[in-house]
Amino acid sequence: MSQPPPKVLTFAASDPSGGAGIQADILTLASMGCHPLTVITAITVQDTVGVENILPLDAEWVTDQARIVLEDMPVDAFKIGLLGSVEIIVAIAEVIADYPGIPVVLDPILTSGRGDVLTNEQMIRALCDLLIPQTTIITPNSLEARRLALDHEDELETIGLKPSADRLLDMGCEYALITGTHENTAKVINTLYDSKGTIRSDEWQRLPGSYHGSGCTLSSAIAASLAHGLPIAESVYEAQDYTWHALKSGFRPGMGQYLPDRFFWASDENESEEKT
């Protein structure tokens, strides 16, 4: 019998388009050599254009999904995506509190790519109070980082990324990776912070078009890398590199955004074999 691959438990909503959510997590984790364990937090009505509706699951169902697999097998990392309700946030916080040695990757999804609001003020407060203090690394884009960090509404346009990271770290997470896709820079700059300052800052070529599920891909790839035992700085770089190549190889299956090709490496191998 072969050794089992690393196992990552992801809490996320189902996306029927297959671009984001639990489907994106499964594809990314499998592509990076992990076995995905899945806890569905909500059912969504969405496509590659945007999110039309969300039906959060009962919090007890979220707890039961997680508990039964955690009692059956050890996991190497947690990944948290779209949450759905305050009650679900409380349930997830209670579950992961029983496994303090397992790294937690939190992707704080506040809106869809189109701008659909997915998280209310009560959920944001619960996220900050209950989940961020238990998080190993949080992976907001620059807009999400500012929104989570602000003390007053009028700060949203003026607060910088470093002060935003500092406030997130003050909430209790160990690391904050703030991505710069939404910033007005020639290249996309993603910066990893801890309480001592900047650990690494990576620049990536901007790609044309917009993508559905890029944040899910990045956070799942970090979870996969941590599950494989890589240190945090190396995990963050490997996940960025994987995500950039998945986006570069992306495709547009519908009328909305492009989807990352999470198995881009398989296509590259096939192309190479055809040429030889």
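Note that the coordinates shown come from a computational prediction; the quantities given were computed from them, not determined experimentally.

A. Spotlight on the overall build of the protein. Helix and strand counts for the protein stand at nine helices and nine strands. Seen through its principal axes, the protein has C-alpha atoms that stretch 60 × 50 × 40 Å. The buried share of the protein, reckoned over its 276 residues, is 51%. By sequence separation, contacts in the protein at least 24 residues apart represent 66% of the contacts at least 6 residues apart. Here the protein displays about 12,900 Å² of accessible surface, and carbon together with sulfur accounts for 52% of that area. Here the protein holds 17 positive side-chain charges and 39 negative ones, and the gap between their average locations is 6 Å.

B. Highlighting the nonpolar core. If you look at the biggest cluster of nonpolar residues, it comprises 40 residues, and the most contacted ones within it are Leu9, Phe11, Phe78, Ile80, Ile92 and Leu131. When sequence neighbours within four positions are dropped, the list of residues in contact with Phe11 reads Val39, Thr41, Val62, Ala66, Phe78, Lys79, Ile80, Gly81, Leu82, Ile92, Val95 and Ile96. Judged by nonpolar contacts, the second largest core, of 23 residues, contains Leu192, Ile222, Ala239 and Tyr242.

C. The environment of His228, seen in detail. Mapping His228 onto the fold places it in the loop between helix H7 (214-227) and helix H8 (232-248). The class for His228 is partly exposed, based on a relative accessible area of 42%. C-alpha of His228 to C-alpha of Gly33: the two residues are 195 residues apart in sequence and 8.6 Å apart in space. For His228, the residues in contact, after removing those within four places along its chain, are Pro6, Met32, Gly33 and Cys34. Side-chain polar atoms of His228 contact the backbone oxygen of Met32, separated by 2.8 Å.

D. Representation of helix H5 (residues 142-149) in the model. In terms of burial, H5 is largely enclosed, as seven of its eight residues are buried. Of the residues making up H5, those classed as buried are Ser142, Glu144, Ala145, Arg146, Arg147, Leu148 and Ala149. The N-cap residue of H5 is Asn141: its side-chain oxygen and the backbone nitrogen of Leu143 are 3.0 Å apart.

So, how was this worked out
- Residues numbered from 1 in each chain as written.
- Predicted model: local features only at pLDDT ≥ 70, side-chain atom pairs only at ≥ 80, totals over all residues.
- Heavy atoms only, no water.
- Helix = DSSP H or I, 4+ residues; strand = E, 2+ residues; numbered from the N terminus.
- Buried < 20%, exposed > 50% of the residue type's maximum accessible area, 1.4 Å probe, protein only.
- Contact = heavy atoms within 4.5 Å.
- Areas by Shrake-Rupley, 256 points an atom, 1.4 Å probe, with all protein chains shown as cover.
- Lys, Arg positive; Asp, Glu negative; His and termini not counted.
- Charge placed at Lys NZ, Arg CZ, Asp CG, Glu CD.
- Core = buried A, V, L, I, M, F, W, Y, C linked by side-chain atoms within 4.5 Å.
- Polar contact = N/O pair within 3.5 Å; in protein donor to acceptor, adjacent residues only side chain to side chain.

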